[in-house]
Amino acid sequence: MLEKSLKGSRGYWIWIIFLLIVTAIGFIFYLRQLDYGLGVTGMSRDVSWGLYIAQFTFLVGIAASAVMLVLPYYLHDYKAFGKITVLGEFLAVAAVIMCVLFVFVDLGQPSRVMNVLLHPSPTSILFWDMIVLSGYLLINIFTGWVILSCNRKEIPPPGWVKPLIYLSIPWAISIHTVTAFIYAGLPGRSFWLTAIMAPRFLASAFASGPALLIIFCLILKRYGRFDAGEKAIQALSKIVAYALAASIFFVLVELFTAFYSQIPEHAQHFLYLFNGLEGHTKLVVWMWTSAALAFAALGMLIIPPIRRNDGWLAVACVFVFVSLWIEKGLGLVVTGFIPSPLEAITEYVPTGAEIAITLGVWAIGFMILTILYRIFIAVHDEKENP
Amino acid sequence: MTTNRREFLKIAGVSTLSLIAPAIVCPAWAKEKIIPVSNFPEALSPSKALTAKRWAMAIDASKCPADCVDCIAACHATHNVPDFGNLKDEVKWIWREDFPHIFPEVNHSYLPKIARARRPIVLCNQCANPPCVRVCPTKATFQRQDGIVMIDYHRCIGCRLCMAACPYGARSMNYRDPRPFITRINPDYPTRTKGVVEKCNFCEERLAKGLGPACVLACKEKALVFGDMENPQSEIRLLLEKRFNLLRRASLGTKPQIYYIV
């Protein structure tokens, strides 16, 4: 089936070449990082994780899109999702590959990455994260590919795929939970030390992943001669609305605990995010943008006439995606380090090299996604117009 | 060419003899030959090594003169700690810090000014229950029987999860090659490569040679006391028995082993 990705319109090839160029630029900067060290990034002694780990955290969420299609279709026989479960699984594949790459580019000694396997450490959450992420990647590659092959041959999927699909549901929950545990179990980082971290991750994941999927479905409908169906897209948009509401609610719950208790250690991080600390306000504009976009999107998604309009729905989904990207991909990780355990306020700004490498990894992810979706569309076309 | 058993034994015997002969004929010369192989000849005699059930340190901040950096200089020179000259890349094992920042839970506006104005040293707490060891995905950070929390610079992958896990900010990352930024390289301790994390190691390499920690020996005021917490007769235990002392963020349950006499 892979050969189908070699046939495409001019637009397809321009897009692929564009992604290749972005990847190449990122790779050149990565070579520079390999040579010089992580000092090419904006990370410091106080803020020791930055854009890379934040992207990783956000993309674990995007990988959730699959389960929001698989669960209704396979457990509740919700037929409208039958056409697009493969799209969700392929999005999960691309997202998990990006996750792995972001962790990899964040390593100070990438050549030693196999030490994680050579010296397995069950007490380390990062060790378990590696296991659940690689498992999730394999499950989604297998199920997505096998189901698409069977669709092509117009035969029912083999029996052994079903248990794998059922397994993918709790497994999707596990990747968010374990990733949240990386943060939520650290003493002394009060911003992350909250039991609601995993539920928060899940809620924002089930909003951002399906939102991205809706955007892709709308693009495919317009430019790809593939219609996911009004019913499927509307059902997805309701999932996004509920998940976004839960996500906003969870953040508000955190804000209540931090500010009503008035425990400085808990409040100061949120203060940094939304107000700034001692004149350090680099994230404030971003966070208020994120909040405004989230509420705007929620408003648009819960008013049925707006939600049913493809154009407005696309805008709402872009809002959801951008809002949650800011929340997870910018705010959540960095703010855990501000202020530091010794109460120093060191701000973080990514460098050009760091941004180029980050864009490079995103470009690789989008390339994988484009190729997989191209194959999906080709198989679909073949069936529609033999 | 065929080698029979007898010939093999003959060659093996001669080879062995050639190795041990110098030691028999001229022991002094042989010893000279051995020394360059190891930088720690003393370590070869384990009886000389300082041992304990749980190493700990007491710091009497009231004895620290305002501008003194003797312990810091000694530690950083002993361990080839680089000086990058900027805060972003900074690597440090011991440094001085404002009292209110070290003890945020204890600090308030009406503590005696003299206490609040103090700037005690901070270093790795060598926690008895170290979160950094728990989170390390490669066991590059580990805890010895005597409580010292160590880093294997050759196994560390530079993921910096330990830096996020440390509630004391004790760990530093080598964001770039540290070697050009070491004033004078001490051949008795390894330099590090870029991309690995480092911190105070309680001078385990000196303990193995029967020497106390460099910072303790460098302190002219005798403000630092190093010893075994499991030995009730040790100097540190007797001192802590007499003087009121604090731990940094004891409520976190990490069981720090640096005791601050206040």
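What this report covers is the structure whose coordinates are included nearby. Positions within a chain are numbered from 1, following the residues in the order the chain's sequence is written. Chains and ligands are labelled by the order in which they are written, letters from A for the one and numbers from 1 for the other. Thresholds applied to this predicted model are a pLDDT of at least 70 for local features of residues and 80 or more for the giving and counting of side-chain atom pairs; totals over whole chains, interfaces and linings are not thresholded and use all residues.

Right, let's get into the overall build of chain A. Each helix and strand in chain A was counted, giving 14 helices and 0 strands. Under the scheme used here, helices are H or I runs from DSSP no shorter than 4 residues and strands are E runs no shorter than 2 residues, and both carry numbers assigned from the N terminus. For chain A, the succession of helices and strands along the chain, N to C, is α-α-α-α-α-α-α-α-α-α-α-α-α-α. Here the globule rule is a power law, 2.2 Å times the number of residues to the power 0.38, and the radius of gyration is based on C-alpha atoms. Taking 386 residues into account, the globule formula puts the C-alpha radius of gyration at 21 Å, and chain A, at 21 Å, falls close to it. For chain A, the spread of C-alpha atoms along the principal axes amounts to about 65 × 50 × 40 Å. Counting other C-beta atoms within 10 Å of its own, a residue is labelled buried from 20 upward, exposed at 12 or fewer, and partly exposed in the gap between, with every C-beta atom placed from the backbone. Buried residues in chain A amount to 47% of all 386 residues. Once C-beta atoms have been placed from the backbone, residue pairs whose C-beta atoms lie within 7 Å are recorded as contacts. Contacts spanning at least 24 positions in sequence make up 79% of the contacts within chain A whose residues lie at least 6 apart.

With that settled, consider the overall build of chain B. Helix and strand counts for chain B come out as 10 helices and 10 strands. Across the 262 residues that make up chain B, the buried fraction comes to 39%. Contacts in chain B between residues at least 24 apart in sequence constitute 65% of all its contacts with a sequence separation of at least 6.

This brings us to the sheet that holds strand β8 (residues 224-228) of chain B. Residue and element names in this part refer to chain B. Strands pair, by our definition, only if DSSP identifies at least two bridges between them. Taken together, the 4 strands give an open sheet; going across it, the order is β8-β1-β10-β9, and neighbouring strands pair in mixed fashion. Lying at the two open borders of the sheet, with one neighbouring strand each, are β8 and β9 (245-246). Sheet topology places strand β1 (residues 55-60) next to strand β10 (residues 258-261); 4 bridges connect them, and they run parallel. Bridging from a neighbouring strand, Met57 pairs with Ile258 of β10. Lines fitted to C-alpha atoms define the axes here, with helix axes fitted over just the stretch in contact, and angles between the N-to-C directions of these axes take values from 0 to 180 degrees. Where helix α10 (residues 235-242) meets the sheet, it contacts β1, β8, β9 and β10, and its direction lies at approximately 115° from that of β8.

Bringing the packing of helix α3 (residues 65-76) of chain A against helix α7 (residues 161-184) of chain A into the picture now. Residues and elements named next belong to chain A. Remark: α3 packs on α7, axes separated minimally by 10 Å, with the N-to-C direction vectors making an angle of 135°. For the element pair α3 / α7, the angle class is oblique. In this structure, α3 crosses over α7, and the sense of that crossing is left-handed. Across from Ala66, Val67, Val70, Leu71 and Tyr74 in α3, the residues of α7 making contact are Ile165, Tyr166, Ser168, Ile169 and Ala172. Residues are grouped as follows: Ala, Val, Leu, Ile, Met, Phe, Trp, Tyr, Cys and Pro are nonpolar; Asp, Glu, Lys and Arg are charged; all remaining types, including Gly, are polar. Broken down by class, the residue content of the contact of α3 with α7 amounts to 9 nonpolar, 1 polar and no charged. Angles below 35 degrees are treated as roughly parallel, those above 145 as roughly antiparallel, those between 65 and 115 as roughly perpendicular, and all remaining angles as oblique. Crossing chirality is assigned from the near helix's rotation relative to the far helix, an anticlockwise turn below a right angle marking it left-handed and a clockwise turn marking it right-handed.

This part covers the interface of chain A and chain B. Between chain A and chain B, the residue contacts involve 30 residues of the former and 40 residues of the latter. Those elements giving two or more residues to the side of chain A that touches chain B turn out to be α5 (115-118) and α6 (125-153) of chain A. Tallying contributions element by element places α6(A) first for the side of chain A that touches chain B, with 3 residues. Each residue belonging to the side of chain A that touches chain B can be placed in one class, and the counts come to 13 nonpolar, 13 polar and 4 charged.

With that out of the way, let us pick up the environment of A:Ser208. All names here are of chain A. With respect to the helices and strands, the residue Ser208 is situated in helix α8 (residues 197-223). With 30 C-beta atoms counted inside 10 Å, the residue Ser208 sits in the buried group. Taking the C-alpha atoms as reference points, Ser208 and Ile182, 26 residues apart in sequence, are found 21 Å from one another. If we ignore the near neighbours within four places in the chain, the residues touching Ser208 are Gly61, Ile62, Val320, Phe321 and Leu324.

On to the packing of α8(A) against helix α13 (residues 310-335) of chain A, then. Helix-helix packing is described using two parameters, namely the angle between the two axes and the distance between the axes. All names here are of chain A. For the pair α8 and α13, the least separation of the axes is 9 Å and the interaxial angle reads 140°. With respect to α13, the axis of α8 lies oblique. Once α8 is placed against α13, the crossing between them reads as left-handed. Each of Ser204, Ala207, Ser208, Ala211, Leu212, Ile214, Ile215 and Leu218 in α8 lies in contact with α13, whose residues at this interface are Asp310, Leu313, Ala314, Cys317, Val318, Val320, Phe321, Leu324, Glu327 and Lys328. A per-class count over the contact of α8 with α13 returns 13 nonpolar, 2 polar and 3 charged.

Inspection of the sheet shows β9(B) paired to β10(B) by 2 bridges, in the antiparallel sense. Bridge pairing links B:Leu246 to B:Tyr260 in β10(B).

This part takes up helix α1 (residues 10-36) of chain A. Residue and element names in this part refer to chain A. To estimate the expected span of a helix, subtract one from its residue number and multiply by 1.5 Å. Between its first and last C-alpha, α1 extends 39 Å over 27 residues, near the 39 Å set by a 1.5 Å rise per residue. Where α1 is concerned, the buried positions are Leu19, Gly26, Phe29, Tyr30 and Gln33. Tucked into the core, α1 has its buried residues touching α4 (85-105) and α14 (352-384). Just downstream of α1 lies Gly37, where phi reads positive at about 110°.

So, on to the nonpolar core. All names here are of chain A. Residues of type Ala, Val, Leu, Ile, Met, Phe, Trp, Tyr and Cys that are buried and joined through C-beta atoms within 7 Å form what is called a nonpolar core. In terms of nonpolar packing, the biggest core is built from 184 residues, with Ala63, Leu91, Met98, Val240, Leu244 and Val320 touching the most fellow members. In terms of residue count, the dominant contributor to this core is α4 (16 residues). Those residues within four positions of Leu244 in sequence are excluded, and the remaining contacts are Ala207, Ala294, Ala297, Leu298, Leu301 and Val320.

Attention now moves to unusual backbone geometry. Residues and elements named next belong to chain A. Backbone torsion omega between Ile338 and Pro339 reads -5°, so that peptide bond is classified as cis. Considering the arrangement of structural elements, one finds Pro339 in the loop between α13 and α14. A positive phi is found at Glu278, a non-glycine position, where the angle reads about 45°. Tracing the sequence through the fold places Glu278 in the loop between α10 (264-274) and α11 (284-302). On the basis of neighbour count, Glu278 is assigned to the exposed category, with 9 C-beta atoms found within 10 Å. The backbone of Glu343 sits at a positive phi, close to 60°, despite the residue not being glycine. Within the secondary structure, Glu343 is located in the loop between α13 and α14. A residue is classified by how many C-beta atoms lie within 10 Å of it, and Glu343, with 17 of them, is partly exposed.

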